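# Residue-level structure breakdown
Here is what each chain is made of, one letter per residue.
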Amino acid sequence: MRIGLGFDVHKLASGRKLVLGGVIIPYEKGLLGHSDADVLVHAINDALLGACALGDIGKHFPDHDPKYKGISSLVLLEEVRKLLADAGYKVVNIDSVICAQKPKLAPYIDKMRTNIANTLGVTKNKISIKATTTEELGFEGRGEGISAQAICMIEKV
């Protein structure tokens, strides 16, 4: 068994779609980034890569590479799943949290769990996603950005 930890943060900006867990969430702003800037999936990718000591998403999917411009982070998660399989590992479980003052995310969490589970080829009960505010403190609380943390456990196949 191995454990990995991931963290990501992106700035909120006008003119972008807000994508979390592969779900487009109606909101006045979206996350700024080279890909779709899905902060949740980025944190999960880093947790999984870290658990295998394979580096991070910047190493595998650099933001200066035009082939990743606007790409769905679920496509990147599929690539991470393949890297894990090639290293002889499978996902045991993932626990994650999204920190955002707005919008309210509870209505979208089940679909996020489904998207991530399907991409990783695991059952939905292995994927936990929580959402919290920061009680109007920090950059998340001021509505400047959204962060996410994820921890995973993987095991040798």
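In the block above lies the structure referred to throughout.
Summarised in this report is the structure supplied together with it.

What counts, and at which threshold
- Residues numbered from 1 in each chain as written.
- Predicted model: local features only at pLDDT ≥ 70, side-chain atom pairs only at ≥ 80, totals over all residues.
- Heavy atoms only, no water.
- Helix = DSSP H or I, 4+ residues; strand = E, 2+ residues; numbered from the N terminus.
- Rg over C-alpha atoms; globule rule 2.2 N^0.38 Å.
- Buried < 20%, exposed > 50% of the residue type's maximum accessible area, 1.4 Å probe, protein only.
- Contact = heavy atoms within 4.5 Å.
- Areas by Shrake-Rupley, 256 points an atom, 1.4 Å probe, with all protein chains shown as cover.
- Lys, Arg positive; Asp, Glu negative; His and termini not counted.
- Charge placed at Lys NZ, Arg CZ, Asp CG, Glu CD.
- Pairing = 2+ DSSP bridges.
- Axes fitted to C-alpha atoms, helices over the stretch in contact; angles between N-to-C directions.
- Expected span 1.5 Å × (residues − 1).

Within the protein chain, the regular secondary structure consists of 5 helices and 7 strands. Against the 2.2 N^0.38 benchmark of 15 Å for 157 residues, the protein chain shows a C-alpha radius of gyration of 15 Å, consistent with a compact globule. With the C-alpha coordinates of the protein chain rotated into their principal frame, the extents come out at 45 × 35 × 25 Å. Classification of the 157 residues of the protein chain by burial places 48% in the buried group. Excluding contacts between residues fewer than 6 apart, the proportion of contacts in the protein chain whose partners are at least 24 apart in sequence is 70%. Carbon and sulfur atoms form 54% of the exposed surface of the protein chain, whose accessible area is close to 7,700 Å². Computing the positive centroid from 20 side-chain charges and the negative centroid from 18, the protein chain places the two 4 Å apart.

With that out of the way, let us pick up the sheet that holds strand β1 (residues 2-13). Strand order in the open sheet formed by 5 strands is β4-β1-β7-β5-β6, with mixed pairing between adjacent strands. On the outer flanks of this sheet lie β4 (30-31) and β6 (127-132), each paired with one strand and no other. With 10 bridges connecting them, strand β5 (residues 89-99) and strand β7 (residues 145-156) associate as antiparallel partners. Residue pairing in the sheet places Asn93 in a bridge with Met153 of β7. The sheet contacts of helix α1 (residues 39-51) involve β1, β4, β5, β6 and β7, and relative to β1 the element is tilted by about 155°.

So, about the environment of Leu49. Note on placement: Leu49 falls in helix α1. Taking C-alpha positions, Leu49 is 9.8 Å from Cys152, a pair spaced 103 residues apart along the chain. For Leu49, the residues in contact, after removing those within four places along its chain, are Leu54, Gly55, Asp56, Ile57, His60, Val80 and Leu83.

It is worth spelling out the environment of Leu74 at this point. One can find Leu74 in helix α3 (residues 73-86). The exposure class assigned to Leu74 is buried, which follows from its relative accessible area of 16%. Apart from residues lying up to four places away in sequence, Leu74 is in contact with Gly22, Val41, Asn115, Ile116 and Thr119.

An ideal rise of 1.5 Å per residue puts 16 Å on 12 residues; helix α4 (residues 109-120) measures up with 16 Å between its terminal C-alpha atoms. Three or more residues of α4 are buried, namely Ile109, Met112, Asn115, Ile116, Ala117, Thr119 and Leu120. Where the residues of α4 are buried, they touch β2 (18-20), β3 (23-25), α1, α3, β5 and β6.

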